[in-house]
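Results of the structural survey
Residue strings, one per chain:
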Amino acid sequence: KQAIRSALGLSAEDIVLIAMGDLIQRKNYAASIKAIAKADNTKLHFLICGKGPLLDELKALARKLNVENQIHFLGFRTDIKELLQAADIFLFTTYQEGLPRSMMEAMAAGLPCVASKIRGNTDLIEDGIGGFLREPEDIDGFAEAINKLAFNKDLRKSMGLSNLKTIIRFDVENVKSEMKKLYEKELTKLSTGWGG
C-alpha cells in the first residue's frame, strides 16, 4: 500500500479517494472535484483512473477550485487492483449506471463508497451501511460524506467490511449457480407444459 502511495507522491496520513472510468459527461467527475474542494481538507487526494474527452476541462476545473494538487489524473491503468488497495474511499458521482463494475471492484477491495443515489449504485450500497448515497448534484452532501469517512477510520473499516460481505453475492460462482437454478426452473416448466 505504502509503496504505491509513495510512487504517487502520497503519504500514509493522506486520505486517498479513487474512481475509475472514462472522462465523459455521464460519469460526472466534475461533481467529485467540486466535492473535494468543498470538503476543504488538504489531506484528501483523488485518483482518477481513465481517459476521455473531458480531461482538459476537468483539469481546468481543479485549477479553478484550487485543488489541482489534490486531483490526480492517472490515465488508463492496468494496476487498478493495486491502486484500490492503496485507497481509503471509492468516490463515484456518476449520473447513470447499469450494475457498476468499478464499484463492485472497490467493494471487493474492502473500500467504503461515497456514490450517487442512482439505479445500479443503490443495488449495491445501502446508505449508511456500505457508504453514503447522495443525489448526483448534491455537492454539499458528497463533501459531508467524504469528511465523515475521512475523519473516522473505524467507520471506513466497518463500511468496507460490510461491502466485502455484500459483494460475495455477486461472485461469479454464486451468479452461475443462480443462473443454473433459473434455467432449470424454466426448462422444467417447458418440459411439463409440452409433456401434458
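Structural data are supplied above this passage.
In short, a report on the structure. Remember, predicted model here, so these are calculated numbers, not experimental data. (Residues numbered from 1 in each chain as written. Predicted model: local features only at pLDDT ≥ 70, side-chain atom pairs only at ≥ 80, totals over all residues. Heavy atoms only, no water.)

1. Notes on the overall build of the protein chain
Helices and strands together make up the secondary structure of the protein chain, namely nine helices and six strands. Here the C-alpha coordinates of the protein chain stretch approximately 75 × 35 × 30 Å along the principal axes. Put simply, the protein chain has 196 residues, and 45% of those count as buried. Counting contacts in the protein chain only where the partners sit at least 6 residues apart, residues at least 24 apart contribute 68% of the total. Surface accessibility of the protein chain: about 10700 Å² in total, with carbon and sulfur atoms responsible for 53%. With 28 positive and 26 negative side-chain charges, the protein chain shows a separation of 2 Å between the mean positions of the two kinds. (Helix = DSSP H or I, 4+ residues; strand = E, 2+ residues; numbered from the N terminus. Buried < 20%, exposed > 50% of the residue type's maximum accessible area, 1.4 Å probe, protein only. Contact = heavy atoms within 4.5 Å. Areas by Shrake-Rupley, 256 points an atom, 1.4 Å probe, with all protein chains shown as cover. Lys, Arg positive; Asp, Glu negative; His and termini not counted. Charge placed at Lys NZ, Arg CZ, Asp CG, Glu CD.)

2. As for the packing of helix 2 (residues 29-39) against helix 7 (residues 139-150)
One can describe the packing of helix 2 onto helix 7 by two numbers: an axis separation of 8 Å at closest approach and a directional angle of 60 degrees. Between helix 2 and helix 7, the interaxial angle falls into the category oblique. When you trace helix 2 past helix 7, the crossing you get is right-handed. Facing A31, K34, A35, I36, K38 and A39 of helix 2, the residues of helix 7 in contact are I139, D140, F142, A143, I146 and N147. In the contact of helix 2 with helix 7, the residues fall into eight nonpolar, one polar and three charged. (Axes fitted to C-alpha atoms, helices over the stretch in contact; angles between N-to-C directions. Parallel < 35°, antiparallel > 145°, perpendicular 65-115°, else oblique. Left-handed = near helix turned anticlockwise from the far one by under 90°. Nonpolar A, V, L, I, M, F, W, Y, C, P; charged D, E, K, R; others polar.)

3. Here we look at the environment of N163
As for its placement among the helices and strands, N163 is situated in helix 8 (residues 153-167). Taking the relative accessible area as the measure of exposure, N163 reaches 1% and is therefore buried. In this structure the C-alpha to C-alpha distance between N163 and L65, which are 98 residues apart in sequence, comes to 32 Å. If near-sequence neighbours (up to four positions away) are discounted, N163 is found in contact with M107, L111, P112, C113, I125 and G130.

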